[in-house]
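# Observations on the model geometry
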Amino acid sequence: MSDLSELYQDVIIDHSQHPRNFREIAGAQSAEGYNPLCGDRVKVYVAMEDDRVTDASFTGAACAICTASASMMTQAVRDKPRADVGSLFERFHDLLTQPHGEDEPEDETLGELASLGGVRRFPMRVKCATLPWHTLKAALNQQPEPVTTE
Amino acid sequence: MSSTLHTTRPTQGAKFDAHRIRADFPVLAQRVNGKPLVYLDNAATSQKPQPVLDAVMAFYREYNANVHRGLHTLSTRATEAYENARAKAARFVNAAHADEIVFTRGTTESINLVAHAFGQSNLRPGDEVLVTTMEHHSNIVPWQLVCQATGATLKAAPIDDRGELMLDAFAELVTDRTRIVAVTHVSNALGTINPIAKIAALAHARGAMVLVDGAQAAPHLPIDVQALDADFYAFSGHKVFGPTGIGVLYGKADLLLAMPPYQGGGEMIRSVTFAKTTYKDPPARFEAGTPNIAGAIGLGASIDYVEAIGFDAIAAHERDLSAYAQEQLSAVPRLRLIGTAEHKAGVFSFVIEGAHAHDVTTILDAEGVAVRGGHHCAQPVMDRFGVPATSRASLAFYNTRADIDALVAAIAKVQQVFK
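Scoring rules and cut-offs
- Residues numbered from 1 in each chain as written.
- Chains lettered and ligands numbered in written order.
- Predicted model: local features only at pLDDT ≥ 70, side-chain atom pairs only at ≥ 80, totals over all residues.
- Heavy atoms only, no water.
- Salt bridge = Lys/Arg side-chain N within 4 Å of Asp/Glu carboxyl O.
- Helix = DSSP H or I, 4+ residues; strand = E, 2+ residues; numbered from the N terminus.
- Buried < 20%, exposed > 50% of the residue type's maximum accessible area, 1.4 Å probe, protein only.
- Polar contact = N/O pair within 3.5 Å; in protein donor to acceptor, adjacent residues only side chain to side chain.
- Contact = heavy atoms within 4.5 Å.
- Pairing = 2+ DSSP bridges.
- Right-handed = clockwise from strand over helix to strand, strands pointing away.
- Core = buried A, V, L, I, M, F, W, Y, C linked by side-chain atoms within 4.5 Å.
- pLDDT = per-residue confidence, 0-100.
- Axes fitted to C-alpha atoms, helices over the stretch in contact; angles between N-to-C directions.
- Phe/Tyr/Trp six-rings, centres within 6.5 Å; stacked < 30°, edge-to-face > 60°.
- Expected span 1.5 Å × (residues − 1).

### Remarks on the pattern of salt bridges
By the definition in use, this model includes 28 salt bridges over all chains. Ionic pairing is found between A:Arg125 and B:Asp359, a salt bridge with its closest N-O pair at 2.8 Å. With A:Arg125 in the loop between helix H4 (82–97) and helix H5 (126–140) and B:Asp359 in helix H12 (residues 357–366), the pair connects residues from two separate chains. For B:Asp403, the salt bridge goes to B:Arg22, with nearest N and O atoms at 3.4 Å. Note that B:Asp403 is positioned in helix H14 (residues 401–417) and B:Arg22 in helix H1 (residues 18–22), a separation of 381 residues in sequence. Judged by relative accessible area, B:Asp403 falls into the buried class, the value being 5%. By relative accessible area, B:Arg22 is classed as buried at 17%. Sharing partners across several salt bridges, the network here consists of B:Lys88, B:Arg91, B:Asp304 and B:Glu307.

### A closer look at the side chain of A:Ser16
The topology assignment puts A:Ser16 in helix H2 (residues 10–17). Classification of A:Ser16 by relative accessible area gives buried; the value is 16%. For A:Ser16, the side chain forms a polar contact with the main-chain oxygen of A:Ile13, separated by 2.9 Å. For A:Ser16, the contacting residues outside a window of four places in its chain are A:Ala64, A:Thr67, A:Ala68 and B:Phe418.

### Examining the pairing of strand S5 (residues 128–132) of chain B
Regular strands show a simple pattern: their side chains alternate between the two faces of the sheet. Residue and element names in this part refer to chain B. Where burial is concerned, most of S5 is hidden: 5 out of the 5 residues are buried. Covered by surrounding structure in S5 are Glu 128, Leu 130 and Thr 132 together with Val 129 and Val 131, the residues of both alternating faces. With 5 bridges connecting them, S5 and strand S6 (residues 153–157) associate as parallel partners. In the strand pairing of S6, Val 131 is matched with Ala 156. In terms of handedness, the path from S5 via helix H5 (residues 141–150) over to S6 forms a crossover that is right-handed. Relative to strand S7 (residues 178–184), S5 is paired through 3 bridges, and the arrangement is parallel. Its bridge partner lying in S7, Leu 130 is registered against Val 181.

### Considering the nonpolar core
By size, the foremost hydrophobic cluster in this structure holds 81 residues, and its most contacted members are B:Phe92, B:Val93, B:Tyr233, B:Phe235, B:Phe397 and B:Tyr398. It is helix H10 (residues 293–309) of chain B that contributes the most residues to this core, 10 residues altogether. Membership of the second largest hydrophobic core comes to 73 residues, among which are A:Leu4, A:Leu7, A:Val126 and B:Val371.

### Comments concerning the environment of B:Ile269
Inspection of the secondary structure puts B:Ile269 in strand S11 (residues 269–272). In this structure, B:Ile269 is in contact with B:Thr277, B:Thr278, B:Tyr279 and B:Lys280, ignoring residues within four places of it in sequence.

### With respect to the confidence of the model for chain B
In low-pLDDT segments, the atomic positions of the prediction should not be examined closely. Overall, the prediction assigns chain B a mean pLDDT of 94, with 97% of residues at 70 or greater. Predicted confidence is poor over residues 1–8 of chain B, with pLDDT under 50, and the contacts of this stretch with residues over four places away or in other chains come to 15 contacts.

### Some points on the sheet that holds strand S9 (residues 232–236) of chain B
Residue and element names in this part refer to chain B. Here 7 strands make up an open sheet; going across it, the order is S4-S10-S9-S8-S7-S5-S6 and the pairing mixed. Across the chains shown, the open sheet's two edge strands, defined by having one partner strand only, are strand S4 (101–104) and S6. Across the sheet, the mean angle from the axis of one strand to that of its neighbour is 20 degrees, orientation sign disregarded. Contacting S4, S7, strand S8 (209–213), S9 and strand S10 (247–251), helix H4 (residues 107–122) runs over the sheet at an angle of about 155 degrees to S9. Each of S7 and S8 touches helix H7 (residues 196–205); the most contacted strand, S7, lies at about 175 degrees to it.

### Some words on the packing of aromatic side chains
Residue and element names in this part refer to chain B. In this structure the tally under the stated criterion is 18 aromatic pairs over all chains. Considering the side-chain rings of Phe 25 and Phe 241, the 6.2 Å spacing of their centres and the 75 degrees angle between planes classify their relative orientation as edge-to-face. One end of the pair, Phe 25, is in the loop between H1 and strand S1 (31–32); the other, Phe 241, is in the loop between S9 and S10, and 216 residues separate them in sequence. An identical accessibility class is assigned to Phe 25 and Phe 241; each is buried. Ring centres of Phe 59 and Tyr 60 lie 5.1 Å apart, and the angle between their planes is 55 degrees; this geometry places the pair in the tilted category.

### Description of helix H11 (residues 311–330) of chain B
In an α-helix, one turn spans 3.6 residues; hence positions three or four apart end up facing the same way. All names here are of chain B. Spanning 20 residues, H11 covers 27 Å between terminal C-alpha atoms, matching the ideal 28 Å at 1.5 Å per step. Listing the buried residues of H11 in full gives Phe 311, Ile 314, His 317, Glu 318, Leu 321, Ser 322, Tyr 324, Ala 325 and Leu 329. Next to the buried residues of H11 lie H1, helix H3 (73–92), H10, strand S13 (335–338), strand S14 (347–352) and H14.

### A short note on the side chain of A:Ser115
Inspection of the secondary structure puts A:Ser115 in the loop between H4 and H5. Here A:Ser115 is in contact with A:Glu6, A:Gln9, A:Val11, A:Ile12 and A:Met72, once residues within four sequence places are set aside.

In structure tokens form, the structure reads like this:
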């Protein structure tokens with residue numbers, strides 16, 4: 001598989017064209033993420049109950065990598081304790097930034113998110129994939145300032 | 001003098017031949033991601049021909065010394081070459097005198113210099129600075145800063161759906177309160193060529209001074225600051241096939257003479273005591289510290305190179321290539337061109353339905369095609385057209401129809417991915 005077809009796998013294109021949980025959540029904690037150079041803009045909503053994510057969603061306009069990452073993220077963090085969200089982000093970040101052997105299998109615990117592993121061959125695009133996650137973190141921390149990964 | 005031994009003539013015959021021209025640009029002869037490089041990001045920066053590389057190398061290898069300071073042989077040679085470059089820049093924009101040319105780091109610094117030195121001493125609360133909606137951030141933010149500092153107001157003239165300046169609305173915005181009109185000659189995001197002479201006449205009729213951002217014009221159009229009646233004209237070396245870190249500010253002699261310094265330091269003073277310092281006349285007054293000597297010499301070589309080809313030949317080739325690009329891109333389904341002014345340079349901003357500019361850039365790059373994706377430092381333009389970002393293919397005289405074909409083929413790949 002070429003680097004490009006690994007980057008734009010069908011599952012990523014599907015999430016970018018049909019984003020899941022692409023909606024607001026009234027009354028939920030939220031934060032904004034914006035990368036001014038490329039124009040990616042997301043708003044992430046997270047509903048909590050007893051330190052557990054009961055629902056997560058996002059809105060905005062962004063590139064395929066950012067949109068797919070946000071879409072998969074909102075599915076992955078649902079029903080997770082807050083602490084697990086933090087460790088999931090760490091493993092996802094490693095997926096994008098750590099050296100990886102050609103035939104080495106991706107971290108299975110990441111589920112569908114592992115499909116974004118192809119981003120590691122495009123260092124300029126890591127910021128696209130991580131923007132929703134940093135924004136989620138800001139929403140969890142109720143941080144008022146917009147987030148950027150540029 | 002040995003700097004003149006290094007030929008700065010392009011290797012070309014009487015007839016313009018883009019393929020022969022390309023041979024002068026070493027960087028173009030490479031493969032990127034396994035594909036021949038198709039360089040269409042010239043509005044960001046242009047590539048450098050061998051004579052420019054040679055001129056820079058010759059300075060460092062043969063006569064590197066500081067300018068205007070030493071009496072020794074190398075310093076004399078360096079000074080001659082540096083001042084020779086100033087004379088070339090003066091000729092390039094048809095300035096009346098070489099002393100009207102100030103070397104800067106680039107267009108951005110040229111504009112900041114005027115905003116600071118002219119703006120700070122001439123703007124009062126209630127005064128207005130007028131720009132247009134199509135300006136690059138570097139022709140907006142320096143004016144915002146000086147307006148904040150002086151209490152003046154910044155206004156922006158609108159553009160229409162084709163990306164042309166609305167001249168009637170512009171004329172109404174020029175009032176007796178307008179002190180400075182700052183406008184781009186060619187839009188970096190849209191390619192629009194503005195009617196500078198008309199704009200200058202409107203501004204001057206109300207007593208306003210005119211600064212022209214010529215960064216995108218210099219590689220494409222012959223510039224005549226006297227015919228345009230521009231008070232200030234700024235451009236960058238790296239966009240006219242010269243080095244980065246060198247730029248030009250042209251200013252009318254009387255305006256420059258009346259301006260206070262921009263930065264203090266060596267080279268710009270006449271005498272210094274702790275009680276009082278007096279300054280040299282322009283341009284030295286505005287060139288504090290050791291300048292970018294190699295950059296200026298490289299710029300001189302690039303000006304020689306461009307002038308040897310000639311703007312008639314360049315314009316004819318780019319007109320043909322632009323018409324071809326316009327025709328080919330217009331035929332691509334689900335592609336919208338942003339910026340369709342009647343008079344425009346070879347800049348093609350576009351959006352593809354269902355594909356973000358960033359994804360477009362990545363896929364094009366995988367095909368060896370270098371374009372820019374983003375807001376092009378012109379967010380007000382993006383807002384005007386309601387898009388977060390565009391992809392932009394921008395031409396230079398070394399581009400060919402084959403480059404356009406490669407672009408169109410790569411766009412087809414984008415559309416395969418984002419069906």
